[in-house]
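What the coordinates show
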Amino acid sequence: MPSINILSPHVADLIAAGEVVERPASVIKELMENAFDAGAKNVTVEIRGGGAPYIRVTDDGCGMAPEDAGVAFLRHATSKLHDERGLEAIQTMGFRGEALAAISAVSHIELHTREKGSQSGTRVTLSGGDIQEMLPDGCPEGTTMIVRDLFYNTPARLKFLKSDRAEAGTCVQTALRCALGRPEVSVRMLRDGKEEFFSPGDGREDSCVYTLLGRELAGSMLRCVSEDEGLKLTGFVSSPSAGRGNRSAQFFFCNGRFIRSQLLQAALEQAYRNTLLTGRYPACVLYLNLSAASVDVNVHPAKVEVKFSYEKKVFDLVYNAVRLSLEGENRTAAVELSSSTRKAVEPKPDFYRSMSAESFRSNGYAVEKPKSAPLPTPASAPKPTAFAGFATLRETAETMQQSLDLTAPQKIEKFEEKVQDSTANRVEPVEKAVQNVEKPALPAYQILGETMKTYILVELGEELMLIDKHAAHERMNFDRLRAMDREIMSQTLLTPAHLRLNAADAELLEQNGELLAELGFEIEEFGGDDYVIRAIPADILFSDALPAVEEILEKLRRGKAPDKQSARDEILHTVACKAAIKAGWDTSDAERERIVREVLSGRVKYCPHGRPVSAILTRKDLDKMFKRIV
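I will try to describe carefully the structure that is included in this document. Predicted, not measured: the structure shown is a model, and the values here were computed from it. (Residues numbered from 1 in each chain as written. Predicted model: local features only at pLDDT ≥ 70, side-chain atom pairs only at ≥ 80, totals over all residues. Heavy atoms only, no water.)

Pairing is mixed across the open sheet formed by five strands, whose spatial order is β9-β10-β13-β11-β12. Looking along the sheet, the strands with just one partner apiece sit at the ends: β9 (221-228) and β12 (257-259). Averaged over all adjacent pairs, the angle separating strand axes in this sheet is 20 degrees, with direction ignored. As judged from the three bridges shared by strand β11 (residues 250-254) and β12, these two strands associate in the antiparallel manner. Note on β12: the bridge partner recorded for F252 is I259. Sheet strands touched by helix α9 (residues 262-271): β10 (231-238), β11, β12 and β13 (284-289). Its angle to β11, the strand with the most contacts, is close to 130 degrees. (Pairing = 2+ DSSP bridges. Helix = DSSP H or I, 4+ residues; strand = E, 2+ residues; numbered from the N terminus. Axes fitted to C-alpha atoms, helices over the stretch in contact; angles between N-to-C directions. Contact = heavy atoms within 4.5 Å.)

Summed over the entire model, instances satisfying the criterion amount to three aromatic pairs. Each ring, one from F253 and one from F258, has its centre 5.8 Å from the other, and the planes form 65 degrees; the classification is edge-to-face. On the basis of relative accessible area, F258 is assigned to the buried category, the value being 14%. One aromatic cluster is present, built from ring pairs that chain together F253, F258 and Y287. The lysine or arginine in question, R48, covers the ring of Y54, its NZ or CZ lying 3.9 Å from the ring centre. (Phe/Tyr/Trp six-rings, centres within 6.5 Å; stacked < 30°, edge-to-face > 60°. Buried < 20%, exposed > 50% of the residue type's maximum accessible area, 1.4 Å probe, protein only. Lys NZ or Arg CZ within 6 Å of the ring centre and 35° of its normal.)

A word on the pattern of salt bridges. For the structure on display, the rule yields 31 salt bridges. Across the pair R23 and E167 runs a salt bridge whose closest N-O atoms are separated by 3.1 Å. Here R23 is found in the loop between α1 (9-20) and α2 (24-37), whereas its partner E167 is found in helix α6 (residues 164-181), with 144 residues between them in sequence. Its relative accessible area of 22% is what places R23 among the partly exposed residues. It is possible to trace a salt-bridge network through shared partners that takes in E110, R123, E133 and R148. (Salt bridge = Lys/Arg side-chain N within 4 Å of Asp/Glu carboxyl O.)

Time to look at the nonpolar core. Counting 59 residues, the largest nonpolar core has V43, V147, L180, F197 and V285 as the members making the most contacts within it. Looking at which element gives the most residues to this core, the answer is α6, with eight residues. Those residues within four positions of V43 in sequence are excluded, and the remaining contacts are A35, F36, V57, T58, D59, V185, S186, V187 and R188. (Core = buried A, V, L, I, M, F, W, Y, C linked by side-chain atoms within 4.5 Å.)

Once that is clear, we can look at the sheet that holds strand β6 (residues 142-148). Backbone hydrogen bonds are what pair the strands of a sheet, in a parallel or an antiparallel way. Judged by pairing direction, the sheet is mixed, and its eight strands sit side by side in the order β5-β4-β3-β6-β2-β1-β7-β8 without closing on themselves. Unpaired on one side and paired on the other, β5 (130-137) and β8 (194-198) mark the two borders of the sheet. When strand polarity is set aside, the average angle formed by the axes of neighbouring strands in this sheet is 15 degrees. Where strand β3 (residues 108-114) lies against β6, seven bridges are found, and the strand directions are antiparallel.

Spelled out as structure tokens, the structure:
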């Protein structure tokens, strides 16, 4: 007796149906994609229960002629693919000709379709893949597909369906993803007679995101646009402050098709590195458009996995576009100022204070005076000639004494006058360097002071900004250290710090020894399990040497650094944190001024761990708090 049997066409159809139709949501996806391919402008999806008892999809697309309706449910019957060359550049949502055959094999189907311009339509009923009747029908132009009793003849598949509530939720999410990928199509979703969502179909991505994902999520989104060598990316990404606990709000579309791509996901989350809280994920709605020949969608029967011909270009496009969107976020640019605050003079930094050691200790924002520029002289003194490059000790002392007797604005004005007087004697490279400095436009503000030695209070018209000085200073330190193209300056410890490590930590230390040396650490083996820290980055206090190394090893041990750049960032997180101003410390006026200006300029928004550095209380918020308004 032969042991190899040839399966009947009916059993083969049931097996094939299991690959395409996993659950009711799969039916909705396939029927909606067919509606999009038919050129529909309006699509209505309705389900009852969890979708298995009843699914109806109605569209106003091109419809089908009677002869096409009769063969549409045969396996591999499709109007979208004619030969093998069509597989090289697939431009339609469907192409295999398997969906309708697979759905009809495991359900009862009722089809109403009418071709545009035709006098009448066609009604077809099927059961288990077999046509029961086919009659003329007076239906509107377009197609209506009704699917009943899904998996009625495959009890094993029916048994593994989840509860009606869970299956209905999956159906709604599937329909939402399809609608989100086609802003030009109006989609209405009904569940047990109740409308779940409705998209306007006006072709605008922003209105589509707003109506489908809600006002709260849409309000936290940043516009994202980029184009490069035939690749175009549009859409929205969430602000780092609106990070989510999972990736459920990440939507990627390729040529209008919803896809799952680890490449795009990695590019997105890589762009958020050092701005998002640990354990939080960004939300996004990104539309990638490229030539059909550059992407292969024929990878999986569900058509949600794709392969790109130029993965590096796609990755860079997404990464750079998201980074630009995040860097362009500015929460203080549109602040409404009161008339009294508009008249206020913007505070100016004290020049001589900004040259103090605090400036160099914090984050390198101090101005280094060109060697060729002479010191400012009193107004009564003659202008220096080309050879008068040095001032006498008496002149220098008199100049500094006069400067100390002036107020801060007067110091700036006097210095600016002397700079203008000596411009003619400056060498050309210095002059060009000064011209290239771009000063960010800041809103008028007033620093009120600090509270709890932790938060800086800044008045911005009708708003009160609170700045976490530690978080802001940590970000400033991190950006400065990360931008360095040389080894970080280190300080040798007078008394080396002792460190005892187990075998695993010792191995981590040896693997990352070169990187630690570049970042200012010098750690040597002292015998056995003992190590000594002989040098640390110049910004870190001696008391923080041991805790800093232990924290770095803990991060490396947890495997949060898959590559050298990631490991470098993780170490810099710790260095920046240990070097930052601490909560509870007394902060000088100059340091406070510098932090406020960096935050208001938009360069500092989040600490390296993703925490926001500032928060705003409006006049309305305070009035509500004190019951002035309700």
